[in-house]
Amino acid sequence: MTRLILALLLRLSPARWRESIAGDFEEDRHRGPGAAWHAARVITRLWIEELSIRRARPRRRFSMHATSVHIRQALRALLMRPAYSLIIITTLAVGIGANAAVFGLANWLMFRPVPAVHEPHRLVTVRLAHPAGGIMTMSHPEMQAMLDHTPALSAMAGAMDAELHAATDTGAAARVEGEIVSANYFDVLGLQPARGAFFSAAHPGVVVSHDYWMTALGAAANIPGATMFVNGHRVPVLAVAPKGFTGATRSATVSLWVPSTLRTVVFPGYRTDPLANMNSGIYISMVGRLANGASIEQARHGLAAAQTAVANVHPRAQRYKVARYAIDEGLSAPAYERERLGRAFSLLLGMGALLLLLTCANVGNVMLAGGTTRRAEVATRQALGASRSQIVAGVLTESALLSLAGGAVALGLAALVNAFMRGTIVLPFLPELGAIAVDARVFAFAFAVSAASAIAAGVLPALTATRIDLIGTLKGSGRSVTSGGLRARRALTIAQVAVSLTLLVGGFLLARSMRERQAINPGFDLAPLMTFSVEPGYHTDDLARRRSFYADVMTRVTAVPGVRSAALGWSRPFGLMADDGMVGAVNGAAASEVPAETFTVGPRYLETMGMPLVAGREFEQSDRPQANQPASTVMLSASLARRLFGSADAAIGRLVQQGFEGSPPLQVIGVAGDARLRRAFEPAPDAIYKPFHTAPSWATVHVKFDGPAEPIAGALREAVRQADPAMPVFDMMTAREAIARQMSEDILIGRLTLAFALIATLLAAVGLYGVLAQAVAERRVEMGIRAALGAGPGRVLRLITGDALRMTATGAIAGVGLSLWLTRYLESRLYGIERFDVLTFAAAILVIVLTSLAAAVIPASRASRVDPVIALRR
């Protein structure tokens, strides 16, 4: 007990006398209880002396001169050790660069301002949101009524996404991203055209993006005055949008804006006046500009009153009983897009933070090792009068300079990574990534991370640098300080192993999940299948012309060498498009209707898709109804047939009913095998297949082929061009590419996580190597004594590798606990594997152990070759 009290009192003593009185306390320990009282009196007198010394010392204040001195000294010290500085800068650049790359991607998709917009802080986005999810369309009169009842808004403009067919007199037709917008759209956003003048209610025309003007229109100088074809109809080009503006959301890539006054021109199927009909929903969202001095809360209050006023005069007022106006500050993306992006980047930034912590631990290890080699320098500076605060400030200044240099290199690495990711699909509903610039926001993020790294990596080395035995170090000893520094380095190495194991477990889980996803059986053949879509309804509402077009296309497609079969359908596999509804059996086994997905398909669909025909037959040409006529025959999935009629065979010839009450019954002519046509990684749903009519407004062509995909794709495009040169082909992809697109988010997260894990494992190995190498260097005398007493090289090897494995085991235990806690955030992204998967944890631990043994090879080999004669002379 006395010894414990004396140890505690020693820790409470002033640091400058702690080493000198430690021996006296140890000798006094045998005097009994009186030793503690004596020690307390000694410490009290020492603190009185310490306070008097501090009072007499002149007070140091912050000055730029002192700071510049610290910077010059730090630069001189770092330049004298280029290898040491390069190692730390490279390590920091990797950790900071990984975080900056992820943040740069998130910034491009979520945070960057929309270019060229005037006073963006006054803009709001308004949508009619359904509580079950999704957005409802709104009419032009609804928008005007909202504006009339919301004084906090000075103006409003509506917009609706629309895919358009665009062509010039000389160029081929292409499907481009477009928007149907109100005539005041650009005025509300406060944009200024790069060329020409924006459209108005009195002067209709189209506006093209700056990129489209440069590429498709060849930077034509005759704007306004030029014309182009939109959905096969010639329209004037009035203006070019400002450079960089591609839509009111950050992820948009709009090339063409069409005023709502031209909607019936470019879409021949619309015959009603969209600006006068309250039932004509032509806007999916609206952009509002706050009045001077108005707040978004005032706008929300006004919109609540506006909703009541609109509902009172709307022909379909029922929808306002469930849907509500939702208003967001600024130009925001839809809620589902923000939520999915937010979840993905929160996970990636969390893993990046773990990697950064590991990086700081590694840098701290290197700086601790550097501090050990500089003990004599620090002791000399203290002997010449340098205070502890000056020593700490000098080390922190070195850390700050190294972190800033690492951050500068990290920005370059982030730019390279983002350039490499150009063209990547992050989410299925987002366009390919464009040029991700390192803007001021990314620069500020990298600077903040660099500053945090400087503090995290430099504090422990700075404090350790001043805890030395001044006399012993100047005499050439000071082993106790070395052992203390070594203990700190071992602790940091154990932490590195724990973080590395956590990232490895996460990376391995996601990698195994992706492998399970790629091995799924969707219920049809993936390998020889390609799909593409066409939209003749954009060009004409003449049913005879559309019927002739489809017949010509199918004839030419089936004649392409390598094509085995082809069929029409409404949606492509994994395109997330299907009709949901209820299906009931007429005198069947099920007493009530059941939910089912509805797919519209043509003859030879099952044959082309490679789906099994369980019972009955496929659709034939005679089953195809004429346009605008109801179908009379259907096929069911095997699971739906069993639910409605008990078995597949029992369903053939029976009747089902779908749709509104009184709809004509449909005869079941065939039963297809269950398939995952919509969502690849969910159980196959009950499905009903209806025959495609002869002249749909748009369709997807399914092609089963032999041989390489690229030549077939080119031949299919040529076949459609021969049928109609003005008809663009879009969404051409193989079934495997379609399933990969649905996996895009998981692929991105999995690859980045695995990359983080491999970097972390490498850094942990470097840290472990540094600790062991330093320990061997400081224990050379001990190794020499062991060798002199008969210890062979094998025993020394086991000593060093055992030390490495002990640190690894301690870190692995902590890492397993951390992994069990953190992998719960991955659970929703795993498919076919549990987050507690034993094999995954075992594989990650094995990688860590093998890496540790590899890091221990060189230090252990050096230790086993120590010459006892040379070591003992030192």
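Reading guide: rules and limits
Residues numbered from 1 in each chain as written. Predicted model: local features only at pLDDT ≥ 70, side-chain atom pairs only at ≥ 80, totals over all residues. Heavy atoms only, no water. Helix = DSSP H or I, 4+ residues; strand = E, 2+ residues; numbered from the N terminus. Contact = heavy atoms within 4.5 Å. Areas by Shrake-Rupley, 256 points an atom, 1.4 Å probe, with all protein chains shown as cover. Core = buried A, V, L, I, M, F, W, Y, C linked by side-chain atoms within 4.5 Å. Buried < 20%, exposed > 50% of the residue type's maximum accessible area, 1.4 Å probe, protein only. Axes fitted to C-alpha atoms, helices over the stretch in contact; angles between N-to-C directions. Parallel < 35°, antiparallel > 145°, perpendicular 65-115°, else oblique. Left-handed = near helix turned anticlockwise from the far one by under 90°. Nonpolar A, V, L, I, M, F, W, Y, C, P; charged D, E, K, R; others polar. Phe/Tyr/Trp six-rings, centres within 6.5 Å; stacked < 30°, edge-to-face > 60°. Salt bridge = Lys/Arg side-chain N within 4 Å of Asp/Glu carboxyl O. Polar contact = N/O pair within 3.5 Å; in protein donor to acceptor, adjacent residues only side chain to side chain. Expected span 1.5 Å × (residues − 1). pLDDT = per-residue confidence, 0-100. Pairing = 2+ DSSP bridges. Patch = residues over 30% accessible without salt bridge, like charges linked within 9 Å, V, L, I, M, F, W, Y side chains within 5 Å.

(A) Summary view of the overall build of the chain. When you go through the chain residue by residue, the secondary structure sums to 27 helices and 22 strands. In the chain, of all internal contacts separated by at least 6 residues, the share reaching a separation of at least 24 is 80%. Entry remark: accessible area of the chain is about 39900 Å², with carbon and sulfur atoms responsible for 59%.

(B) Spatial organisation of the nonpolar core. Leu105, Leu109, Phe345, Leu433 and Leu503 are the most contacted members of the largest nonpolar core, which has 42 residues in total. When residues of this core are traced back to their parent elements, those giving at least two are α5 (82-111), α11 (335-373), α16 (479-518), α23 (744-778) and α26 (838-864). Counting 30 residues, the second-largest nonpolar core is a separate cluster that includes Val601, Met743, Ile747 and Tyr831.

(C) The arrangement of the packing of helix α6 (residues 140-148) against helix α10 (residues 296-313) in detail. Two numbers describe how α6 lies on α10: the axes approach to 8 Å, and their chain directions differ by 130°. Judged on the interaxial angle alone, α10 and α6 are oblique. Relative to α10, the crossing made by α6 is right-handed. Along its contact with α6, which presents Glu142, Ala145 and Met146, the element α10 presents Leu303, Ala306 and Val310. Across the contact of α6 with α10, the residue classes tally to five nonpolar, no polar and one charged.

(D) Just the packing of aromatic side chains, in detail. In this structure the tally under the stated criterion is 15 aromatic pairs. Each ring, one from Phe267 and one from Tyr538, has its centre 5.2 Å from the other, and the planes form 85°; the classification is edge-to-face. Note that Phe267 is positioned in the loop between α9 (263-266) and β10 (285-290) and Tyr538 in the loop between β12 (529-534) and α17 (543-558), a separation of 271 residues in sequence. Classification of Phe267 by relative accessible area gives buried; the value is 10%. Between Trp570 and Trp698 the ring centres are 6.0 Å apart and the planes differ by 65°, which places this aromatic pair in the edge-to-face class.

(E) Fine view of the pattern of salt bridges. Across all of its chains, the model carries 20 salt bridges by this definition. Here Asp552 ties to Arg556 by a salt bridge, and the two come within 2.9 Å at their closest N and O atoms. Here the residue Asp552 and the residue Arg556 both occupy positions in helix α17, the gap between them amounting to four residues, near one helical turn. Here the salt bridges do not stand alone but share partners, grouping Glu119, Arg122 and Arg289 into one network.

(F) How the structure looks around the environment of Asn222. Note that Asn222 resides in the loop between α8 (210-215) and β7 (227-230). A residue is classified by how much of its surface remains accessible, and Asn222, at 42% relative accessible area, is partly exposed. Placed 26 residues apart in sequence, Asn222 and Gly196 show a C-alpha to C-alpha distance of 9.1 Å.

(G) Geometry of the side chain of His314. With respect to the element layout, His314 can be found in the loop between α10 and β11 (324-329). One polar contact links the side chain of His314 to the main-chain carbonyl oxygen of Met278, over a distance of 3.4 Å. Filtering out sequence-adjacent residues up to four positions away, His314 remains in contact with Glu142, Met278, Asn279, Arg319 and Tyr320.

(H) Representation of unusual backbone geometry within the structure. Backbone torsion omega between Ile223 and Pro224 reads 5°, so that peptide bond is classified as cis. As for its position among the elements, Pro224 is in the loop between α8 and β7. The phi dihedral of Glu119 falls on the positive side, at around 45°, and the residue is not glycine. Looking at where Glu119 falls in the secondary structure, it is placed in the loop between α5 and β1 (123-129). Of the residues examined, Glu119 reaches a relative accessible area of 28% and is grouped as partly exposed.

(I) Local environment of α10. An ideal rise of 1.5 Å per residue puts 26 Å on 18 residues; α10 measures up with 26 Å between its terminal C-alpha atoms. Taken as a whole, α10 has its buried residues at Ile296, Ala299, Gly302, Leu303, Ala306, Gln307, Ala309, Val310 and Ala311. Packing partners of the buried residues in α10 comprise β1, α6, β3 (153-167), β10 and β11.

(J) Highlighting the confidence of the model for the chain. Per-chain confidence: the chain averages 81 in pLDDT, with 82% of residues scoring 70 or above. Within the model, pLDDT remains below 50 along residues 477-482, and this stretch shows 11 contacts once partners closer than five positions in the same chain are excluded.

(K) Representation of the environment of Ser663 within the structure. Mapping Ser663 onto the fold places it in the loop between β18 (655-658) and β19 (666-672). Looking at Ser663, the relative accessible area reads 18%, which means it is buried. Setting aside its immediate chain neighbours within four residues, Ser663 contacts Gln657 and Gln658.

(L) Up close: the pairing of strand β15 (residues 594-601). Within β15, six of the eight residues are buried, which leaves it mostly tucked inside the rest of the structure. For strand β14 (residues 579-585) and β15, the ladder comprises five bridges, and the chain directions are antiparallel. Residue Gly581 lies in a different strand from β15, and its bridge partner there is Ala596. Strand direction decides the pairing type here: β15 and strand β20 (residues 687-691), joined by five bridges, are parallel. Bridge assignment links Val601 to a residue of β20, and that residue is Pro691.

(M) Representation of the pairing of strand β21 (residues 699-705) within the structure. Taken across its seven residues, β21 has seven buried, putting it largely inside the fold. Summarising the sheet, β12 and β21 pair through six bridges and their orientation is antiparallel. Within β21, the position partnered with Ser533 by the bridge is Thr700. Taken together, the six bridges between strand β13 (residues 563-569) and β21 define a ladder with antiparallel strand orientation. Residue pairing for β21: Gly569 is matched across the bridge by Thr700.

(N) Local environment of α6. Turning to α6, its buried residues are His140, Pro141, Glu142, Met143, Ala145 and Met146. Where α6 is buried, its residues contact β1, β3, β10, α10 and β11.

(O) Local environment of the packing of α17 against helix α21 (residues 709-723). Relative to each other, α17 and α21 sit at 145°, their axes nearing to 9 Å. Crossing handedness for the pair α17 and α21: right-handed. Contacts between α17 and α21 involve Phe549, Asp552, Val553, Arg556 and Val557 from the first element and Leu716, Ala719, Val720, Gln722 and Ala723 from the second. When its residues are assigned to classes, the contact of α17 with α21 shows seven nonpolar, one polar and two charged.

(P) Local environment of a nonpolar patch on the surface. Taken together, the side chains of Leu805, Leu846, Leu850 and Leu853 make up a nonpolar region of the molecular surface, amounting to roughly 330 Å² of accessible area. Considering each element in turn, the nonpolar patch owes the most residues, three residues, to α26. Along the chain, the position of Leu846 falls in helix α26.

(Q) Quick peek at the environment of Asp746. Inspection of the secondary structure assignment puts Asp746 in helix α23. Counting along the chain gives 320 residues from Asp746 to Val426, while the straight-line C-alpha distance between them is 8.8 Å. Not counting the four nearest positions on each side in its chain, Asp746 is found in contact with Met514, Arg517 and Arg829.

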